[in-house]
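Coordinate analysis (summary)
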Amino acid sequence: GIGWYRKTFETPAITDSRVYLHFDGVYCNSEVWINGIVLGRRPNGYIPFRYDLTPHLTADSRQVIAVRVDHTRFGDSRWYTGSGIYRNVRLIVTDSILIGQWGIFVTTPVVREEQAQVRVEVRLENHLPSPAEVRVENVLFAADGTVVGETTVSVSLPELGEKTVEGSLIVDRPELWSVDHPILYRLRTVVYRDGQAIDAEETPVGIRSFRFDPDHGFHLNGANLKLKGVCLHEDAGAFGVAVPAKVWERRLERLKEAGTNALRMAHNPHLPELYDLCDRMGFLVQEEAFDEWEQGKNKWIAGWNVGTPGKDGYHEHFREWAEADLRDMVLSRRNHPSVIMWSIGNEIDYPNDPYTHEVLDNGTNPQSFGRGYRPDLPHASRLTEVARELVRTVKRYDPTRPVTAALSAALIANEIGLADALDIVGYNYQEYRYRDDHARFPNRVLYGSENGMREDFWRAVTENDFIAGQFLWTGIDYLGEAHGWPARSNTAGILDLAGNRKPEFYFRRCLWNPEPMVWLGSREVPTEQEQAGLWSHQKAQPVWEGREGESIRVVCFTNCDTVELFLNGRWLGVLPREVDGPHLVFRDVAYQPGTLTARGFLSGREVASAFLRTSGPPRKLRVEADSSVLTADGRDLVHLEVLVTDADGTPVFDGDHEITWTIDGPARLLCLESGDPASHEDYRSDRRRAFRGRLLGYVGSTRECGEITVRLTAPELEGAVVTLRSEG
């Protein structure tokens, strides 16, 4: 629908100052006024923007900001977008001479072990009606606060104009930013006029080099590195898309645990704080601009591939806004060392959705998705023209990173030259093309921009030096793109909506994280006809339940050489790890209640173990907090993970009790998330049912200090209490 926001504030007398209103993102079609005067509009809901309030402010009076958001045509995306002002808004007051918006650009053109060059561009604006003399000082600090380089430039600014100044700093024996050691320096830029500091900004700096090679994939700081990536949408279940950074931090920690080193921001720019976390935690980032260009894609409003799709979407604004949106995406993200490539589009070339090409012939080509040529649809050749325009735009604002796109049909892209318009080329679900296309296009850099979970898809990366890596669909379950009622979220992630580790998480950890591990699960014995699908989530679950004597499939994920299996201390056997992967299966184990144990060995030495224990009836709740202290700033939060257990503390996997939350003290319950894709409970309620024995609560701080008591109760279960403290 349509949402209105209003805010009033007082301004003192303003002299030689500028006042700006900055939005990190508003979804969508926003219009902004001050005191009834139109400031502008922005259709794109993912792009940051700001307006200059200065000419419209009246001194010593009350100012009124109004924002109108129009998301009436809600079926404008293929996933959940949220609505309204869902990111931060800032009022910025500066001098009339200032560093321009996103006016600092830091690059590291020379990176060697003994020395690195840090190049700094600073774009200055002069809003005074007379020229001005200023001095720009750049000082680079190491993580411990030591000054490691500085440069000073004096410049004459034209009246009501701007100028860009450049400087270079040399850093001896630099500490390089990497995924394992994400070392950040800090650049402080200060503008002086008449000896007085009139503007200053700080920019985190990661000193690193990277390159893509058509024969040897990706290199970071001179070392070859496979991209172990996941795709991410922007929501976090109960928070929708208005996600606190601390929630993302917990999610990223778990993805890191799985061995993930790269993230694809699908299919739009994400929350600004997320990129800060990537810099600090060591993730490589593919930033992506668009999911559609001039023509609209199918949006299945009535259900997955059901009914008549809608066509509403960003394409209606593309011709007017694409260049500005792409520019602002690049400018606002280009100082992040985590960002290694810019994607200008996702599956823009999907056959007949909406573009077509004669190469599809009658749809019998196995690479045509079963879709034949449709002369009534837009011809795909137009894509190459648009791609070249978008690439030029990116290069204008950042010539240091390659431009890519996630292609769904290289069959078409190769015919029209779309792939040739890109610096590096992403293939979505087209592992079967890797070797042939590498032979046909030996200068093309290839990687998997969107991939299924199957192990052979990862082997297509490890067995081909020229493939830079892959990005799984997806890292975390997300709202929207559900495959049928009552589900309202997509379950393709290795983490669920609550950030719980799913079986696929452990399967991926075996492939990506060299630390020895064993994971145990069980499932029914599958039929011979059962086949692994494209998103082949392992169906085993971490539970040991059944009927006495029933045959149960025991599943073990491990990266150990061998695993021994025991049931109630009785040895069941030992199997070597499969040559082509970590997936071990012990078939047809006769069920007995008790404890199932797996022990993993490397070179004959036990290095990891796992166990499953039959649970008794549900009897109590157990709660674990990731912190006992909250900062009393009204923004901090803690995660409280609740488990349903039996009398001995063993988790009860099928525990689905409704759990009620009561909080005493200076804190508030923000929302509850179970991870259940089919739950329709109120996220803001003080009660929610557990899913698979788990429930996650987000408890947020207020601006007051004191002790906080959180009480959890459920029918027929012994409750739990946790004590927190809020500090200033």
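My aim in this report is to walk through the structure given alongside it, one point at a time. Keep in mind that what you see is a predicted model, and the values were worked out from it rather than measured. For every chain, the first residue of its written sequence is number 1, and the numbers climb from 1 along that sequence. Owing to the predicted nature of the model, reporting of local features is limited to residues with pLDDT of at least 70; listing and counting of side-chain atom pairs is limited to 80 or more, with chain, interface and lining totals taken over all residues. Water and hydrogen atoms were dropped before computing side-chain values, which therefore reflect all heavy atoms in the structure.

**Topic: unusual backbone geometry**
Put simply, Y27 and C28 share a cis peptide bond, and its omega is -10 degrees. Every helix listed is a DSSP run of H or I at least four residues long, and every strand listed is a run of E at least two residues long, numbered separately from the N terminus. By the secondary structure assignment, C28 is in the loop between β3 (26–27) and β4 (30–34). For the peptide bond that leads from W473 to T474, omega is 5 degrees, which places it in the cis range. On the secondary structure map, T474 appears in the loop between β27 (467–472) and β28 (478–479). Unlike most non-glycine residues, R692 shows phi in positive territory, near 55 degrees. Examined against the element boundaries, R692 turns out to sit in the loop between β42 (687–689) and β43 (694–701). A residue is classified by how much of its surface remains accessible, and R692, at 42% relative accessible area, is partly exposed. Even without glycine at this site, E716 takes up a positive phi of about 70 degrees. Along the chain, E716 turns up in the loop between β44 (706–714) and β45 (717–727). Note on exposure labels: buried denotes an accessible area under 20% of the residue type's maximum, exposed denotes more than 50%, and partly exposed covers the range between, all computed with a 1.4 Å probe on protein chains only.

**A few points about the side chain of H71**
With respect to the secondary-structure elements, H71 resides in the loop between β7 (61–70) and β8 (84–85). A distance of 2.7 Å separates polar atoms of two side chains, one belonging to H71 and the other to S83. Note on contacts: a residue pair qualifies if any of its non-hydrogen atoms lie within 4.5 Å across the two residues. Other than its neighbours up to four places away in sequence, H71 contacts G1, Y27, C28, D76, T81, G82 and S83. Any pair of nitrogen or oxygen atoms within 3.5 Å is treated as a polar contact; in protein, a donor-acceptor pairing is required on top of that, and neighbouring residues in sequence qualify only through side-chain atoms on both sides.

**Examining the packing of helix α1 (residues 245–257) against helix α2 (residues 272–281)**
Contact geometry of α1 with α2 gives a least axis separation of 10 Å together with a crossing angle of 40 degrees. Classified by the interaxial angle, the pair formed by α1 and α2 is oblique. For the crossing formed where α1 meets α2, the hand is right-handed. Mapping the contact onto sequence places A245, W248, E249, L252, E253 and K256 in α1 and E273, L274, L277, C278, R280 and M281 in α2. For helices, the axis comes from a line fit to the C-alpha atoms of the stretch in contact; other axes are also lines fit to C-alpha atoms, and the angle between any two N-to-C directions lies between 0 and 180 degrees. Working rule for angles: under 35 degrees goes down as roughly parallel, over 145 as roughly antiparallel, 65 to 115 as roughly perpendicular, anything else as oblique. Here is the rule for handedness: rotate from the far helix to the near one, and if that takes an anticlockwise turn smaller than a right angle the crossing is left-handed, while a clockwise turn gives right-handed.

**Structural notes on the pattern of salt bridges**
We define a salt bridge as a contact between a side-chain nitrogen of Lys or Arg and a carboxyl oxygen of Asp or Glu at a distance within 4 Å. Scanning the model with the defined rule gives 57 salt bridges in all. The shortest N-O distance in the salt bridge between E202 and R186 comes to 2.9 Å. Taken together, the residues E202 in strand β16 (residues 196–205) and R186 in strand β15 (residues 185–193) connect sequence positions 16 residues apart. A relative accessible area of 41% places E202 in the partly exposed class. A residue is classified by how much of its surface remains accessible, and R186, at 31% relative accessible area, is partly exposed.

**Examining the environment of G417**
Among the structural elements, G417 can be located in the loop between α5 (410–416) and β25 (424–428). Its relative accessible area of 12% is what places G417 among the buried residues. Along the sequence, G417 and T384 sit 33 residues apart, while their C-alpha atoms lie 6.3 Å from each other.

**Here's the deal with the sheet that holds strand β5 (residues 37–42)**
Across the sheet, which stays open at both edges, the four strands sit in the order β1-β7-β4-β5 with antiparallel pairing between neighbours. The sheet terminates laterally at β1 (2–11) and β5, the two strands that pair on one side only. Recorded for the sheet is a direction-independent mean angle of 15 degrees between the axes of neighbouring strands. A strand pair is defined by DSSP finding two or more bridges across the two strands. Pairing of β1 with β7, which is carried by ten bridges, proceeds in the antiparallel orientation. Looking across to β7, one finds that T11 is bridged to S61.

**Describing the pairing of β43**
In the case of a regular strand, side chains alternate between the two sheet surfaces. Across the eight residues that make up β43, a large majority, seven, are buried. In this sheet, β43 lies alongside strand β39 (residues 637–645) in antiparallel orientation, the contact comprising seven bridges. Within β43, the residue paired with L637 across the bridge is G700. Pairing of strand β41 (residues 667–673) with β43, which is carried by six bridges, proceeds in the antiparallel orientation. Paired with C671 across the bridge in β43 is Y698.

**Re the sheet that holds strand β31 (residues 551–558)**
Ordered in space as β30-β31-β34, the three strands form an open sheet in which the pairing is antiparallel. Whereas interior strands pair on both sides, the edge strands pair on one side only; in this sheet they are β30 (518–523) and β34 (583–590). Between one strand and the next, the sheet's axes are offset by a mean angle of 25 degrees, whatever the strand orientation. Bridge analysis of β30 against β31 gives six bridges, and the strand direction is antiparallel. Within the sheet, the bridge partner assigned to S522 lies in β31 and is V554. Each of β30, β31 and β34 is contacted by helix α8 (residues 503–512), which is oriented at about 45 degrees to β31, the strand it contacts most.

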